[in-house]
Amino acid sequence: MKETVLVIGGTGAQGVPVVKSLATDSKYNVHVLTRSASSKEAKYLASLPSVSILEGNTYDETTLRQAFKDITCVFVNTNGFAIGEKAEIYWGIRLYELAREFQVKHFVYAGLEYGSKLGNFNHKYRCGHLDGKGKVVDFISAQPTSPMAWSVLTSCMYMEALTEFLRPFPDPTDPDILIFAAPLGEGKCPLIYLEDYGAYARWIFDNPARSNGLVLHVATEDIRWEDLASAFSQVTGQKAVYKDVSLEEYFKLGILDPDAIVGHSTDQDDSTLLTYRENFSGFWNTWKDNLTKRDYQLLDTILPTRVKSVKEWMEKTGYSGKYTSLLKDRRDKARK
Ligand SMILES: NC(=O)c1ccc[n+]([C@@H]2O[C@H](COP(=O)([O-])OP(=O)(O)OC[C@H]3O[C@@H](n4cnc5c(N)ncnc54)[C@H](OP(=O)(O)O)[C@@H]3O)[C@@H](O)[C@H]2O)c1
């Protein structure tokens, strides 16, 4: 029987490669839940074979009960930046429960690292968008692997963020030099090439006997930012340096609004929500102190064709350090 996969978050930077990988042949029917079938992303996905678009709000029980009818598998990427940590925990668990109720065969959750727990709950690692998903991963990991299989695909920053949130800027004193600034010290930070991320998701659905009960931590490479700048120079011939900045300096760079609330679509007065300053302090500290780990040998076995380094990705994609839009959320905000 052909499996039907419901994809939550399918129109996003992370979801599009997942949907694409599931639609490369006719093995799966794919249902993508989105708030608008007329967005550029939804229209593109609708043009792929075996993909249909369902219109509705993910964070709504009635919509979900409708969406869960006649499906056999689910891929869930909730959006913590839209709904905040508290709701992300609620909906992650609720989606698991609904999947069980609707007798789904395989539940796949897009996880993130539980930075606080990895850092012994030291406040310096507190990051709502990591911890929220991390708590859901702990809940899922405590569930049996039968009658419903579960898998977690735990990721990290997207490699493609190097064109947006992580892109270099010209040195004000010498515009021929590009600066990659980050509060990372000597930390080795993992980055994941999104097309490979989609391929890992496809592998999970294709191989339930191996992926059931697995929390798969994926990345392309763990890289020191100094090595990233040097890879960039080798590939492009352009001089680039890494600037290790303090968190205070980082929040002055204008990359994000440090006083904005993480959870743009929720009650801004909810006192559990973190500011970007609070959230991203924990975020960068988690990577700076190398709290997380991946098994690259396992990743090579699962995806022998994977891109294996940042340098290889730069060469493959013709990376130039220039801006290109990555996150749908940011595009939607800019349009408003
Ligand atoms: N940025 C990174 O490097 C990175 C890395 C790993 C994980 N993540 C996680 O990925 C999640 C975000 O997904 P993404 O990276 O694919 O982001 P994105 O490109 O900005 O896409 C946002 C997605 O969230 C959906 N969404 C549903 N309700 C929403 C609402 N009320 N407001 C805004 N969007 C809503 C959107 O669907 P419609 O607009 O179609 O309804 C869309 O699919 C976050 O939880 C983040 O922590 C991010």
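Just so you know, these numbers come straight off a predicted model, no measurement behind them.

Here the focus is the overall build of the chain. The helix and strand tally for the chain stands at 14 helices and 13 strands. Each of the three principal axes of the chain carries a C-alpha extent, and together these read 60 × 45 × 40 Å. Counting only residues that meet the buried cut, the chain has 46% of its 336 residues in that class.

This paragraph deals with the packing of helix H1 (residues 15-22) against helix H7 (residues 194-206). In contact at an axis separation of 8 Å, H1 and H7 are set at 50° when each is read in the N-to-C sense. When the interaxial angle is binned, H1 and H7 end up oblique. As for how H1 packs across H7, the hand of that crossing is right-handed. In contact with Pro17, Val18, Lys20, Ser21 and Leu22 of H1, H7 contributes Leu194, Glu195, Tyr197, Gly198, Ala199, Ala201, Arg202 and Phe205. Its residues assigned to classes, the contact of H1 with H7 shows 8 nonpolar, 2 polar and 3 charged.

A few words on the UniProt feature "domain: NmrA-like" (unreviewed entry) in the chain. According to UniProt, the "domain: NmrA-like" (unreviewed entry) feature falls on residues 1-255. The annotated region residues 1-255 carries 37% helix and 26% strand content, and the separation between its end C-alpha atoms amounts to 48 Å.

So, on to unusual backbone geometry. At the junction of Ser146 and Pro147, the peptide bond is cis and its omega measures out at 5° in the coordinates. Inspection of the secondary structure puts Pro147 in the loop between helix H6 (128-141) and strand S6 (149-154). Its identity as a non-glycine residue notwithstanding, Asp70 has a phi of 60°, on the positive side. Position of Asp70 relative to the elements: it lies in the loop between helix H3 (61-67) and strand S4 (73-76). A positive phi angle, near 55°, is found at Asn120, a position not held by glycine. Within the secondary structure layout, Asn120 lies in the loop between helix H5 (115-118) and H6.

With that out of the way, let us pick up the nonpolar core. Val5, Val19, Val74, Val108 and Ile192 are the most contacted members of the largest nonpolar core, which has 92 residues in total. Sequence-distant contacts of Val5, that is, excluding residues within four places in its chain, are made with Leu22, Tyr28, Val30, Ile71, Cys73, Val74, Phe75 and Phe205.

What follows concerns the site of the ligand. Taken together, 26 residues lie near the ligand, and Gly12, Thr34, Arg35, Ala82 and Asp329 sit nearest. Elements represented by at least two residues in the shell around the ligand include exactly helix H4 (80-101), strand S7 (157-158) and helix H14 (328-335). Ranked by residue count, the leading element in the shell around the ligand is H4, at 3 residues. Each residue belonging to the shell around the ligand can be placed in one class, and the counts come to 8 nonpolar, 15 polar and 3 charged.

What counts, and where the lines are drawn
- Residues numbered from 1 in each chain as written.
- Predicted model: local features only at pLDDT ≥ 70, side-chain atom pairs only at ≥ 80, totals over all residues.
- Helix = DSSP H or I, 4+ residues; strand = E, 2+ residues; numbered from the N terminus.
- Buried ≥ 20, exposed ≤ 12 C-beta atoms within 10 Å, placed from the backbone.
- Axes fitted to C-alpha atoms, helices over the stretch in contact; angles between N-to-C directions.
- Parallel < 35°, antiparallel > 145°, perpendicular 65-115°, else oblique.
- Left-handed = near helix turned anticlockwise from the far one by under 90°.
- Contact = placed C-beta atoms within 7 Å.
- Nonpolar A, V, L, I, M, F, W, Y, C, P; charged D, E, K, R; others polar.
- UniProt positions renumbered as here; feature names shortened; annotations may be inferred.
- Core = buried A, V, L, I, M, F, W, Y, C linked by C-beta atoms within 7 Å.
- Near = placed C-beta within 6 Å.

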